[in-house]
Amino acid sequence: MHMSDALLSPAVGSIFWAGSLGIITYCARKLKDHLNGSLVPLMGVIGAFIFAAQMINFTIPGTGSSGHLGGGMILAILLGHYAALITMASVLTVQCLFFADGGLLALGCNIWNLGVYPCFIVYPLIYRPLVRSGSSPKRIATASVLSALIGLQLGSFSVVLETLLSGRSELPFNTFILLMQPVHLAIGLVEGFVTAGVINFVKAARPEILESVLSARPLSADISIRKLLIILLVAAILTGGALSWFSSSNPDGLEWSIEKVFGKPELPEQENMIASALKAVQEKLMFLPDYDFPSNKIDNSSASDKDSSFVDPGTSVSGLVGSFMVLGIIFIFGFGIKVFKKSRG
Amino acid sequence: MSHHIVEFKDVYYTYPDGTEALKGVTFRIHHGESVGIVGANGTGKSTLILQMNGFLLPTAGTIRIGDLQLDKKTRSEIGKKVGVVFQNPDDQLFMPTVFDDVSFGPLNMGLTIERVIERVDEALRTAGCYELRDRPPHHLSLGQKRAVTIAAVISMQPDILAMDEPAASLDPKARRQLITLLKGFKHTKIITSHDLDLILDVCERCIVIANGKVKADGPAREILLNQQLLDENNLELPLSLQRR
Amino acid sequence: MLAFDKEYFNIGFLDTLSYKHSFVHSLDPRIKLLTTLAFILCVVSFPKYEVFQIIPFFFFPVFILSAGNIPLKFILKKLLVVSPFVLFVGVFNPVFDTEAIYSLNGFVISKGWVSLLSIMIRFILTVSAAFLLIATTSFMGLCLALERMKVPKVFVVQLLFLYRYLFVLAGETMRLIRAVNMRAFDRKNLSIKLFVSITGTLFMKTIERSERIYQAMCSRGFDGEIRLLKRYKINFTDTVFALATITVFIILRKYDITNMLGRALG
């Protein structure tokens, strides 16, 4: 399940962006040291392959509903974790742009949920220990199903956490978990069977292809457990940090992000300038005769609405009227641009 | 002047899976010649092309391009001398815009940016596809893609052009444009094709390959009129000659 | 038409839009990426019960849409397709959050409904911003922007290849599926078994293709490094656009224009 911008707070979104970008950079550095030229086009077209395969719907037996491939596990099995993560991240990026699956801010979360778990946790800790080069198709199938199941459980749990940390949804933790995890159990099962099916199909039809792919990928030797532990630790700190930050300072996220993005100390003064400028304009136009600009109430005005259980009816009426006005102005604005463009050519 | 000579001497090639593709091929192509290579499916024409720019190294025998003998050390040098146009343009146009694709080779040659741009524009004009410069390859027709692959190769200014089935699945007009384009090149040209009319139009010499060996080698007009030889090799008289 | 074909042509359409010419298309990709990100951050930074103050932010997508000649219908259709998960999560808000927040002539509106509305508005704004970014910026331009912004080269090159071969492979897949459908008659979706053999076949073709591409790359002097020519330059117009939009974002984020207007009129 793709995380979405609309459910995210800027803080959670940014933290996962940072985490995912960090892992991509780490993988890129690892790949650079071990880059085999043929891996460049290989990763590229396998990414396109996963993308195309995801667009195919198939029937899930017994339900009549349709599903599609996720692909994280297939990539990890074929390319190894470093190349697989980069490839999965690229697939998710293109999806985010062309299908708007999630959105730009949620991309960090999605790379984390659908890329990092299968490539960096499930693959080295579950799949690799179970499958050796001479393993039977049955063993491959068991390992794939198990891996896909665990990968998707982690991913969906992560979606729950991200949503709750962002504080945009009212779903209680227990209910949310109960809604998400069983569904993903089923999805994981299907994903596992499909993963195993594709790997075994290729293995049976053209074993040398699988071999050649495996030989092109870097670091086919075992990964050091220490490094893995470090990555997990960083992940834990990230999540923990996010959690504690939230528990301490109410999920408003607004001041924090604004400050982070635009730099803080100068803001109040600028606002005063803007406010007084607006006021001057307003006085000239007499458009908003009795509105009081909250130039010194800024700090509470934006943070207060969270807890204001009482809102006077006047606010809602003026809000509604204002909304229609604003939408009208925006419509005229857009229409004006079109007319202007047409008149010019 | 031994500059642009292509010489195969008793070349053998066996693929890792055991397929014997070439079994003792010998020929010599001189500077400025244009040579058609014909033969039935699976006789080793594509393998021949892959050896010309050093992608495959012969299992036995020697290949000389100009003054260089092909081996591991010279393969990259030889790669610059021989420009190869492969069968499927989608495999060859791997960058997301025409400009980036054509500039790929020149950039790898370490030229300055101005020189690269100059070369790209020149190659695109020569191949008659300058107006496609900023388009992505997936928006092009097959004929346009073919023209761009040719531009991509000539932007590296090779001495020798080698093409594998350049006219495959082109519509008649695009095919005609390709023939005109090829005729305009002063390079040494080596073209494999089942399109015998194209060979007849573009090449003065023709080599017939059968079963990994050279079956016949001579002026294109003579070879392509030899009904018996053509029949033996799953080929037919060129259409332009059939009408007479 | 089959579902696959539809998706394929949809991406193709979006991609074609990005090669149009307009003021928005001519802006530097880095500027568009940055302003879009700033826009999204501003929109999602509103507290969860905020509805009215977000509305003025519609100016940005409307501007890009009209100045970039993007058909509104296409974006609206896309919005409908991707909404299920957000709706699924958001729809629980009215159930769990029943405290009253507004009363309008006797109608009492609970906080849950307001936050659901807020989520849906955020959804429309953020998703359309992402769509409009790709509809007005060529993918190549975005990749070059990422490279200039120091995103790891391996990742940028991966995106380039993925984009280039996405259309080739999706087209190939489409033909495979059509062939299957021609003989599978009116079964709507593939069975898992068929799916596995189709993707397996596709995968093998893909690997063979990657080998041919590698050959082509080597024959043009590929040495492990992909070199990209820098083309875009941030000019005066770009700077003005970035400053103007971001200033407007800050103003809209800080001042409740909607309520000001409403009060002025009401």
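## Here we look at the packing of aromatic side chains
Right, on to step 1. What the rule picks out here adds up to 36 aromatic pairs over all chains.
Right, on to step 2. One cation-aromatic arrangement involves arginine 125 of chain B over tyrosine 130 of chain B; the distance from NZ or CZ to the ring centre is 4.3 Å.

## Some details on the side chain of serine 90 of chain A
Right, on to step 1. For serine 90 of chain A, the position within the fold is in helix α4 (residues 81-98).
Right, on to step 2. Polar side-chain contacts of serine 90 of chain A include one of 3.1 Å to the side chain of glutamine 158 of chain C.
Right, on to step 3. Residue contacts for serine 90 of chain A: discarding those within four places in its chain leaves Phe155, Gln158, Leu159 and Leu162 of chain C.

## Digging into the pattern of salt bridges
Right, on to step 1. If you walk through the whole model with that rule in mind, you get 22 salt bridges over all chains.
Right, on to step 2. Between arginine 209 of chain C and glutamate 172 of chain C there is a salt bridge, with its nearest N and O atoms 2.7 Å apart. With arginine 209 of chain C in helix α11 (residues 192-218) and glutamate 172 of chain C in helix α10 (residues 153-184), this residue pair connects regions lying 37 residues apart in the sequence. Residue arginine 209 of chain C shares its accessibility class with glutamate 172 of chain C, and that shared class is buried.
Right, on to step 3. Three or more residues are tied together by salt bridges with common partners; here these are Asp91 of chain B together with Glu172, Arg209 and Arg212 of chain C.

## A short note on the interface of chain B and chain C
Right, on to step 1. Taken together, the contacts link 31 residues of chain B with 30 residues of chain C.
Right, on to step 2. Interface of chain B and chain C: buried area, both sides summed, is about 2800 Å²; carbon and sulfur atoms make up 62% of it.
Right, on to step 3. Taken as a group, Asp91, Phe94 and His138 of chain B account for 23% of the area that chain B buries against chain C, more than any other trio of residues on that side.
Right, on to step 4. Here chain B and chain C share four salt bridges between them.
Right, on to step 5. Put simply, chain B and chain C have 12 residue pairs in polar contact (both at pLDDT 80 or more) between them.
Right, on to step 6. Of all the secondary-structure elements, those providing two or more residues to the side of chain B that touches chain C are α3 (89-92), α4 (98-108) and α5 (113-126) of chain B.
Right, on to step 7. Here the side of chain B that touches chain C gets seven residues from one element, more than from any other, and that element is α4 of chain B.

Cut-off values and rules
- Residues numbered from 1 in each chain as written.
- Chains lettered and ligands numbered in written order.
- Predicted model: local features only at pLDDT ≥ 70, side-chain atom pairs only at ≥ 80, totals over all residues.
- Heavy atoms only, no water.
- Phe/Tyr/Trp six-rings, centres within 6.5 Å; stacked < 30°, edge-to-face > 60°.
- Lys NZ or Arg CZ within 6 Å of the ring centre and 35° of its normal.
- Helix = DSSP H or I, 4+ residues; strand = E, 2+ residues; numbered from the N terminus.
- Polar contact = N/O pair within 3.5 Å; in protein donor to acceptor, adjacent residues only side chain to side chain.
- Contact = heavy atoms within 4.5 Å.
- Salt bridge = Lys/Arg side-chain N within 4 Å of Asp/Glu carboxyl O.
- Buried < 20%, exposed > 50% of the residue type's maximum accessible area, 1.4 Å probe, protein only.
- Buried area = accessible area lost by both parts, 1.4 Å probe.

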